[in-house]
Amino acid sequence: EILEISKVKFSSKSMRKIFFDLLVSAYQYPLGDEKKERELFVLRMNLLKHLGQINDFREFIYNLSNEESFDEWKSWIVKDAFLKLEDEYACEIVEKISSRNISEFWQLSQIFCLLITGREEEALFTSELVRASGLKDKNFYILLDSMFNNSSSNEMDLDNLNLLHIVMMDQLKNTIPPE
């Protein structure tokens, strides 16, 4: 029933608070129904995030196990750590997850972490492997070339910037474009 109620949009702040308190205080997941357990878990995570409960959301993700099914949530923690200039912490997580997860975010983050931790040769080798595998991220490779002190004459595609690009620009002390 709580899953059905959660689909209702509350315009009242007090109703949102009551619902939030109800949802996050119900620690007992529905027994015997894995689909409902997963739905409630995802609902809680999204609710924490969307209601601005960022510290609770961060702590909840931090306490998740290192199972592959939680990698998407862990990527949020990595992005948050990069933004807070907690590169060492972000790279610890990236190191663990990128060895088993070949998605674009984890592989490009691994290259970035190798580079900022002084492992330039390994970063260059890994970036060539990833590029040869067909992963195309023009902005990432332009920024990576700049980080390797190879000037790039290519212009960045400002319509396709992502958080990792912004973090790389900050590392380079490039001007971050408005918008």
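All of these numbers come straight from a predicted model, not from anything done at the bench. (Residues numbered from 1 in each chain as written. Predicted model: local features only at pLDDT ≥ 70, side-chain atom pairs only at ≥ 80, totals over all residues. Heavy atoms only, no water.)

Attention shifts here to the overall build of the protein. Along the backbone of the protein there are 10 helices and 0 strands. When the helices and strands of the protein are placed in sequence order, the string is α-α-α-α-α-α-α-α-α-α. Within the span of the protein, comprising 179 residues, buried residues form 35% of the whole. For the protein, the proportion of contacts with a sequence separation of at least 24, taken over those separated by at least 6, is 45%. Approximately 11,400 Å² of the protein is accessible, and the part contributed by carbon and sulfur atoms is 52%. (Helix = DSSP H or I, 4+ residues; strand = E, 2+ residues; numbered from the N terminus. Buried < 20%, exposed > 50% of the residue type's maximum accessible area, 1.4 Å probe, protein only. Contact = heavy atoms within 4.5 Å. Areas by Shrake-Rupley, 256 points an atom, 1.4 Å probe, with all protein chains shown as cover.)

Quick look at unusual backbone geometry now. Phi is positive for Leu85, which is not a glycine, with a value near 60 degrees. For Leu85, a relative accessible area of 58% puts it in the exposed group.

In this section: the pattern of salt bridges. Pairs can form between side chains of opposite charge whenever their charged atoms are close. Scanning all chains against the criterion turns up 5 salt bridges. Taken together, the shared-partner salt bridges in this structure form one network comprising Asp80, Lys84 and Glu86. (Salt bridge = Lys/Arg side-chain N within 4 Å of Asp/Glu carboxyl O.)

Another point: the packing of helix H8 (residues 120-132) against helix H9 (residues 138-147). Describing two packed helices takes the angle between their axes plus the distance from one axis to the other. Running from amino to carboxyl end, H8 crosses H9 at an angle of 160 degrees, the nearest separation of the two axes being 12 Å. Of the possible angle classes, the one that applies to H8 and H9 is roughly antiparallel. The handedness of the crossing between H8 and H9 comes out as left-handed. Together, Ser127, Val130 and Arg131 of H8 and Tyr141, Leu144 and Asp145 of H9 make up the contact between the two elements. (Axes fitted to C-alpha atoms, helices over the stretch in contact; angles between N-to-C directions. Parallel < 35°, antiparallel > 145°, perpendicular 65-115°, else oblique. Left-handed = near helix turned anticlockwise from the far one by under 90°.)

Attention now moves to the state of the cysteines. What the rule picks out here adds up to 1 disulfide. Paired by a disulfide, Cys91 and Cys113 hold their sulfur atoms 2.2 Å apart. The S-S bond linking Cys91 to Cys113 shows a torsion near -85 degrees; that makes this disulfide left-handed. In this pair, Cys91 sits in helix H6 (residues 87-98) while Cys113 sits in helix H7 (residues 104-116), placing the two residues 22 residues apart along the sequence. The burial state of Cys91 is the same as that of Cys113; both residues are buried. (Disulfide = S-S within 2.5 Å.)

Among the nonpolar cores identified, the biggest contains 37 residues, and Trp73, Phe82, Leu108, Phe140, Leu144 and Met168 are the most heavily contacted of them. When residues of this core are traced back to their parent elements, those giving at least two are helix H3 (34-50), helix H4 (54-62), helix H5 (71-83), H6, H7, H8, H9 and helix H10 (163-172). Ranked by residues supplied to this core, first place goes to H7 with 7 residues. Those residues in contact with Trp73 that sit more than four places away from it in its chain are Phe41, Val42, Met45, Asn46, Phe57, Ile61 and Leu64. (Core = buried A, V, L, I, M, F, W, Y, C linked by side-chain atoms within 4.5 Å.)

Right, let's get into the environment of Thr117. Its location among the elements puts Thr117 in the loop between H7 and H8. Residue classification places Thr117 among the partly exposed residues on the basis of a relative accessible area of 45%. C-alpha of Thr117 to C-alpha of Cys91: the two residues are 26 residues apart in sequence and 8.7 Å apart in space. Reaching out from Thr117, the side chain makes a polar contact with the backbone oxygen of Cys113 at a distance of 2.7 Å. At 3.2 Å, the side chain of Thr117 and the backbone oxygen of Leu114 are in polar contact. (Polar contact = N/O pair within 3.5 Å; in protein donor to acceptor, adjacent residues only side chain to side chain.)

All right, on to the confidence of the model for the protein then. In this model, the protein carries an average pLDDT of 79, and 74% of its residues clear a pLDDT of 70 or more. Element-level mean pLDDT values for the protein span from 49 in helix H1 (residues 2-6) up to 94 in H7. (pLDDT = per-residue confidence, 0-100.)

Looking at where Asp71 falls in the secondary structure, it is placed in helix H5. With sequence-adjacent residues up to four places away left out, Asp71 is seen in contact with Ile97, Arg100, Asn101 and Trp106.

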